[in-house]
Amino acid sequence: MTKRNRPDVLVVGAGFAGSVCAREFAEKGFKVLVLEQRQHIGGNMFDGTDRNDLMIHWYGPHIFHTNNQTVFNWLDRFTDWRPYEHRVLGRIKGEEVPIPFNFTSIDTLFPSKTAQRLKKRLIQAFPNKERITVSELTGHQDEELAELGDFIFENVFVHYTAKQWGIPVEQVDSAVINRVPVLLSYDDRYFQDELQFMPKNGYTELFKQILSHENIVCRLGVSADAALRLEAEGRILFEGEVFEGPVIYTGAPDQLLNYHFGRLEYRSLDLSFETIKKTQFQKAAVVNYPNEEKFTRITEFKQLTGQVKEGVTAILKEYPSAYTGKDKLEPYYPIETAANRKQYEAYRNKLMTWENLYLCGRLAQYRYFNMDEVIEYALQLSAAIMKLDSVSFVANG
Ligand code: FAD
Ligand code: UDP
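For clarity, every value in this text was computed on a predicted model and none was experimentally measured.

Cut-offs used in this document
Residues numbered from 1 in each chain as written. Chains lettered and ligands numbered in written order. Predicted model: local features only at pLDDT ≥ 70, side-chain atom pairs only at ≥ 80, totals over all residues. Heavy atoms only, no water. Near = heavy atom within 4 Å. Polar contact = N/O pair within 3.5 Å; in protein donor to acceptor, adjacent residues only side chain to side chain. Areas by Shrake-Rupley, 256 points an atom, 1.4 Å probe, with all protein chains shown as cover. Helix = DSSP H or I, 4+ residues; strand = E, 2+ residues; numbered from the N terminus. Nonpolar A, V, L, I, M, F, W, Y, C, P; charged D, E, K, R; others polar. Contact = heavy atoms within 4.5 Å. Pairing = 2+ DSSP bridges. Axes fitted to C-alpha atoms, helices over the stretch in contact; angles between N-to-C directions. Patch = residues over 30% accessible without salt bridge, like charges linked within 9 Å, V, L, I, M, F, W, Y side chains within 5 Å. Salt bridge = Lys/Arg side-chain N within 4 Å of Asp/Glu carboxyl O. Lys, Arg positive; Asp, Glu negative; His and termini not counted. Charge placed at Lys NZ, Arg CZ, Asp CG, Glu CD. Buried < 20%, exposed > 50% of the residue type's maximum accessible area, 1.4 Å probe, protein only. pLDDT = per-residue confidence, 0-100.

*Asks:* Please set out the site of ligand 1 residue by residue, giving values where relevant.
*Replies:* Every one of the 35 residues lining ligand 1 counts as a neighbour, but Glu 36, His 62, Ile 63, Ala 224 and Met 371 are closest to it. Note that an oxygen atom of ligand 1 is positioned 3.2 Å from one of the backbone N or O atoms of Phe 16. Here ligand 1 has 1000 Å² of accessible area as a free molecule, and 96% of this is covered by the chains. For the shell around ligand 1, the secondary structure elements donating two or more residues are helix H1 (16-27), strand E2 (32-36), helix H9 (224-227) and helix H13 (371-386). In the shell around ligand 1, the residues fall into 17 nonpolar, 13 polar and five charged.

*Asks:* An account of the environment of Ala 378 is needed here, citing residue identities and associated values.
*Replies:* Here Ala 378 lies in helix H13. Expressed as a C-alpha distance, the spacing of Ala 378 and Phe 16, which sit 362 residues apart in the sequence, is 8.1 Å. Here Ala 378 is in contact with Ala 17, Val 20, Cys 21 and Cys 360, once residues within four sequence places are set aside.

*Asks:* If you had to explain the sheet that holds strand E22 (residues 357-359) to someone new, which residues and values would you point to?
*Replies:* Reading across from one edge, E12-E2-E1-E16-E22 is the order of the five strands in this open sheet, with parallel pairing throughout. The two strands at the open ends of the sheet, each matched to only one other strand, are strand E12 (216-220) and E22. Put simply, the sheet's adjacent strands are angled 20° from each other on average, direction ignored. Pairing analysis gives five bridges linking E2 to E12, with the strands arranged parallel. When the bridges of E12 are listed, Val 34 appears paired with Cys 218.

*Asks:* Let's hear about a negative patch on the surface: which residues, and what values?
*Replies:* Where like charges cluster on the molecular surface, the negative patch consists of Glu 143, Glu 147, Asp 150 and Glu 154. Of note, Asp 150 is situated in helix H6 (residues 143-165). With a relative accessible area of 42%, Asp 150 lands in the partly exposed category.

*Asks:* For the confidence of the model for the protein chain, give the residues involved together with the corresponding values.
*Replies:* In this model, the protein chain carries a mean pLDDT of 95, and residues with pLDDT of at least 70 account for 96%. For the stretch residues 389-397, pLDDT sits under 50, and the model shows 18 contacts to residues farther than four places along the chain or on other chains.

*Asks:* With reference to specific residues and values, describe the site of ligand 2.
*Replies:* In the region of ligand 2, 15 residues are neighbours, and Thr 161, Arg 179, Tyr 190, Tyr 333 and Tyr 368 sit closest. In this structure, an oxygen atom belonging to ligand 2 sits 3.4 Å away from a main-chain N or O atom of Phe 157. Within the side chain of Tyr 333, an N or O atom sits 2.7 Å from an oxygen atom of ligand 2. Protein contact buries 94% of the 530 Å² of open area that ligand 2 shows by itself. Per-element accounting of the shell around ligand 2 gives the leading share, six residues, to H6.

Okay, here's the thing in structure tokens:
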């Protein structure tokens, strides 16, 4: 953009957080410039085809699921959908059983009489519930249910969690583990949300549609570090000139402040893609390996995307890893311990000195958000900024 044509709003990052905000402002007539440090839009939802023409999610498997009708309606304007219910198996004691652990998992892993008794006791102990947390079982007064809880905890959660987060399960926030319930039925879906879909033509196409607006310009391969400067007086310089419009930042806060309070901890993944000369590799789109292997799960993309192709399939193994910022790995997961949240708050409080700067998204808010939560927040944030009611909103964010 030339000097004459300066944007009204700057957005850093072209994932859901940035793209949703960009579209909202653009539709209200504001000129938006999106700066994205990668060479593509879509953030971690970026997908595309490999050399065998197989559709791949390049930053790990992404399934859209939500109970939020507003979020769904917003996205629905930009894509057609393929109905898709995600199912996951877990390799436990040599068997592949549904995860979340359900009645089929019990039937498969326990002798038939024990399984009958366990299911009956579960229904009696939790008469009005379809899903419980594993800790509701481990702490249960019925000894046999407590033992079942210990079995599930040990075989599904303990080792997977240690691999995924690089710390013992006791140190991981229980909300993280409770994302995966125990189901008191034969329901074998990974998510129980009412709305579960995949964008028919993929996520990248969906992002193209969101960002395709006459008021949006997107610059790829540009990092905020190079284009923006936060000055001590609370001013933001964009390409050397004061920028007074809203700046929506969706990257990692520590990067923006040159690691002033130390590096924020994020967990990364080493993603290992393989081509297999078979029509189908495994029994479900995702198979979890909670125990022996170094990777946590294998995704077979054709089962996720619905693509039909004979004789060849693409898989992904996820090896969790520390994020150091020094190799090619990406910061995928905020590690939400109390100490890390405190460090994050220091960054957030400092960044609030710049009154026209707003943090939005999984990295910027340091929250283990799903896509729908990011979209919901981005919609609320852009509406609040446009109403100039932003100060109290951001303080609660
Ligand atoms: P991102 O997608 O990370 O986008 C941030 C963008 O900002 C990136 O493109 C980045 O390059 C850019 N950026 C960062 N810093 C700068 C800078 N300084 N300058 C310029 N650009 C910058 N959610 C679900 O709902 N369902 C799922 O099945 C699901 N599966 C997941 C699987 C994996 C392996 C992972 C890691 C996450 C998964 N998620 C899933 C969560 C989902 O990926 C996040 O909710 C989503 O990525 C958040 O969007 P965002 O825009 O906040 O962040
Ligand atoms: N988890 C586990 N075993 C499993 C699946 C999940 O221990 O088989 C735990 C693990 O700690 C993981 C968390 O539950 O980080 C959340 O799982 P989810 O599938 O939501 O993780 P994501 O898809 O976000 O990586």
